[in-house]
Amino acid sequence: MNIEEINKGIVIKNIQNFHPIHTFECGQCFRWNKTDDNTYIGVVRDKVIEVELRGVDLYIYNISQEEFYHRWQDYFDLARDYSIIQEKLKIDPILKRAIDYGRGIRILNQDPWETLISFIISSNKNIPHIKKIIEYLSRSYGSMLIYKGKEYYTFPTPKQLSGLSIEEISKSKCGYRAKFIHAAVERVSNGDINLDYISSLSSHQTREGLISLYGVGPKIADCVMLFSMGKYEVFPTDVWIKRLMEYFYFKKPTSIKEIRKFANKKWGNLAGFAQQYLFYYGRSHGEIFK
DNA sequence: CCCCAGGCTTTAC
DNA sequence: GTAAAGCCTGGG
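Here, residues in each chain are numbered from 1, in the same order as that chain's written sequence. Going through the entries in the order they are written, you letter the chains from A and number the ligands from 1. Only residues with pLDDT of at least 70 are given local features in this predicted model, and only at 80 or more are side-chain atom pairs given and counted; all residues enter the totals for whole chains, interfaces and linings. Processing note: side-chain calculations cover all non-hydrogen atoms of the structure and skip hydrogens and water entirely.

Undergrad: Explain helix α3 (residues 82–89) here, please?
TA: Along α3, the residues that are buried comprise Y82, I85, Q86 and L89. Angular distribution of buried residues about the axis of α3 spans 95°; they occupy a single face of the element. Summarising the geometry of α3, the exposed residues directed more than 90 degrees from the buried face are E87 and K88. It only takes one pair of heavy atoms within 4.5 Å for two residues to be counted as in contact. Put simply, DSSP marks the helices as runs of H or I at least four residues long and the strands as runs of E at least two long, and each gets a number from the N terminus on. In the core, the buried residues of α3 are packed alongside α4 (93–102), α14 (256–267) and α15 (271–284). A 1.4 Å probe rolled over the protein chains alone gives each residue an accessible area, and that area as a share of the maximum for its type sets the label: buried under 20%, exposed over 50%, partly exposed in between. Within this analysis, the arc is defined by the directions that extend from the helix axis to the C-beta atoms.

Undergrad: What exactly am I supposed to notice about the protein's contact with DNA strand C here?
TA: Near is defined per residue: the residue qualifies when any heavy atom it owns lies within 4 Å of the molecule or strand. Taken together, N124, K125, H129, K132, K173, G175, Y176, R177 and K179 are the residues near DNA strand C. For DNA strand C, the backbone makes up 62% of the atoms found within 4 Å of the protein, where backbone means sugar plus phosphate. The separation between a phosphate oxygen of DNA strand C and a polar side-chain atom of K132 is 3.1 Å. Between Y176 and DNA strand C, the recorded distance is 3.1 Å, taken from a backbone N or O atom to a sugar or linking oxygen. Of the residues that constitute the surface near DNA strand C, the class distribution is one nonpolar, three polar and five charged. Each polar contact in these results corresponds to two N or O atoms within 3.5 Å; when the atoms are within protein, one needs to be able to donate a hydrogen and the other to accept it, and residues that are neighboring in sequence are counted only if both atoms are side-chain atoms. Amino acid classes used here: Ala, Val, Leu, Ile, Met, Phe, Trp, Tyr, Cys and Pro are nonpolar; Asp, Glu, Lys and Arg are charged; the rest, including Gly, are polar.

Undergrad: Looking at this structure, how should I read the protein's contact with DNA strand B?
TA: Neighbouring DNA strand B are 22 residues; G27, N124, I127, Y176 and G217 lie closest to it. When atoms of DNA strand B within 4 Å of the protein are sorted by moiety, sugar and phosphate together comprise 57%. K219 places a polar main-chain atom, nitrogen or oxygen, 3.2 Å from a phosphate oxygen of DNA strand B. Going through the elements one at a time, α5 (112–122), α12 (218–228), α13 (239–250) and α15 are the ones with two or more residues in the surface near DNA strand B. Of the residues forming the surface near DNA strand B, the biggest block, four residues, is contributed by α12. Broken down by class, the residue content of the surface near DNA strand B amounts to 12 nonpolar, seven polar and three charged.

Undergrad: Mind showing me how you'd approach the domain arrangement of chain A here?
TA: Bring the parts together and some accessible area is lost; that lost area is often taken as the interface size. Domain start and stop points were drawn from an automatic or database domain assignment. Domain boundaries assigned for chain A yield domain 1 (2–79), domain 2 (112–228) and domain 3 (239–289). One C-alpha centre belongs to domain 1, the other to domain 2, and the line joining them spans 24 Å. Tallying the contact residues gives 15 residues for domain 1 and 18 residues for domain 2. At the boundary of domain 1 with domain 2, total buried surface from both sides reaches about 1400 Å², with 63% on carbon and sulfur atoms. Buried area adds together the accessible area that both of two parts lose upon being put together, with accessible area traced by a 1.4 Å probe.

Undergrad: Mind showing me how you'd approach the nonpolar core here?
TA: The term nonpolar core refers to a set of buried residues drawn from Ala, Val, Leu, Ile, Met, Phe, Trp, Tyr and Cys, joined through side-chain atoms within 4.5 Å. Counting residues in hydrophobic clusters, the biggest one holds 69 residues, and the most contacted among them are L89, W113, L210, M245, W267 and L278. The residues that make up this core include at least three from each of domain 2 (112–228) and domain 3 (239–289). Setting aside residues up to four positions removed in sequence, L89 forms contacts with L95, I99, W267, L270, F273, A274 and Y277.

Undergrad: Sorry, what's going on with the packing of α5 against helix α6 (residues 127–141) here?
TA: Packed helices, taken two at a time, are described by their axes: the angle between them and the distance between them. One can describe the packing of α5 onto α6 by two numbers: an axis separation of 9 Å at closest approach and a directional angle of 135°. For the element pair α5 / α6, the angle class is oblique. By crossing handedness, the relation of α5 to α6 is classed as right-handed. Contact residues: α5 offers S118, I121 and S122, while α6 offers I130, I133, I134 and L137. Partitioning the contact of α5 with α6 into residue classes produces five nonpolar, two polar and no charged. Only the stretch in contact is used when fitting a helix axis, every axis being a line fitted to C-alpha atoms; angles between N-to-C directions are given from 0 to 180 degrees. Here roughly perpendicular refers to angles of 65 to 115 degrees, roughly parallel to angles under 35, roughly antiparallel to angles over 145, and oblique to all remaining angles. Crossings are assigned a handedness: left-handed for a near helix turned anticlockwise from the far helix by less than a right angle, right-handed for a clockwise turn.

Undergrad: What is the right way to read the side chain of T237 from this model?
TA: Relative to the elements of secondary structure, T237 occurs in the loop between α12 and α13. T237 sits in the buried class, given a relative accessible area of 5%. A polar contact is formed between the side chain of T237 and the backbone oxygen of F235, at a distance of 2.8 Å. If we ignore the near neighbours within four places in the chain, the residues touching T237 are K219, K242, I256, I259 and R260.

Undergrad: Looking at this structure, I do not really get the sheet that holds strand β3 (residues 32–36). What am I missing?
TA: Whether parallel or antiparallel, the strands of a sheet pair through hydrogen bonds between backbone atoms. In short, DSSP must find at least two bridges between two strands for them to pair. Strand order in the open sheet formed by six strands is β1-β2-β6-β5-β4-β3, with antiparallel pairing between adjacent strands. Each edge of the open sheet carries a strand with a single partner, namely β1 (2–6) and β3. For this sheet the average axis-to-axis angle between neighbouring strands, irrespective of direction, equals 25°. Where strand β5 (residues 47–54) lies against strand β6 (residues 57–61), five bridges are found, and the strand directions are antiparallel. Paired with E50 across the bridge in β6 is Y61. The strands touched by helix α2 (residues 65–75) are β1, β2 (9–13), β3, β4 (39–44), β5 and β6; relative to β1, the strand with the most contacts, the crossing angle is about 125°.

Undergrad: Would you explain the pattern of salt bridges in this entry?
TA: Two side chains with opposite charge may pair up if their charged atoms get near one another. Throughout this description, the term salt bridge denotes a Lys or Arg side-chain nitrogen within 4 Å of a carboxyl oxygen of Asp or Glu. Enumeration over the complete set of coordinates arrives at 15 salt bridges. In this structure, R54 and E52 form a salt bridge, with 3.4 Å as the shortest nitrogen-oxygen distance. Two residues, D100 and K90, come together in a salt bridge whose shortest N-O distance is 3.1 Å. One end of the pair, D100, is in helix α4; the other, K90, is in the loop between α3 and α4, with 10 residues separating them in the sequence. Under the relative-accessibility criterion, D100 is labelled partly exposed at 36%. What emerges from the salt-bridge pattern is a single network uniting K90, K96, D100 and R103.

Okay, structure coming up:
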């Protein structure tokens, strides 16, 4: 990678297989917002980051080169060669179509705690509403950051949320999910469950551990594993993926369990990448599956 | 007004 | 084991 430090940021020259729109709109994250053409601002852990694709060069603002190698290369998954992944997956003609459409997707390496709560909130909700709830929680209980004179808020830590009543959490408009969030805060902040430890286990054990949380089922567990724990063999199967898989592969109604098994066998430790390309393609071509 | 939105828990076969 | 009902809330 050809990287240069510039005023207030870095630039990666001639970047391959990274596009901000595809990466930030493919459903894996909720705190990146478009501010201009090919420009996004996001709060990641304890920093506000601005990303802009200008031609073939990627500008990342509010970080140094040293920080890039220390944290952000991993967060944006920029050390991974996605062309190899794409080559392997493109053997499948349907994936070829999906990859051609979403070529610039990268799977972000997000914070497990934030990812867990975000996907607990996501159940039975649309994306704008999910983002609103997360924004409310961050503004109310996170820490304030200033970037270019504007206020931003970190996603609250377990400690910052501990002690809140279910009623207080409900003020975020998260509805019946408040009791799930409350339970997760309790179990994580009192040390009953340690997300870093859980992520170090085998995929099966990680999954079991996550599902042991109240309000966390197979779909949410898979999202947390894929988006924040580097478990790339999972295949989060939601209603969109289910519809798409039935339409393209099974030609008949198929259980989620069977779809996951199929994907695992077909794509192995690349199933998570396949899911992201398919999901993004499916969301953008939803009318096909009606 | 009714229906749905990136699921889960509970209850009933 | 698998299948259906009910769930908070906001927007169409």
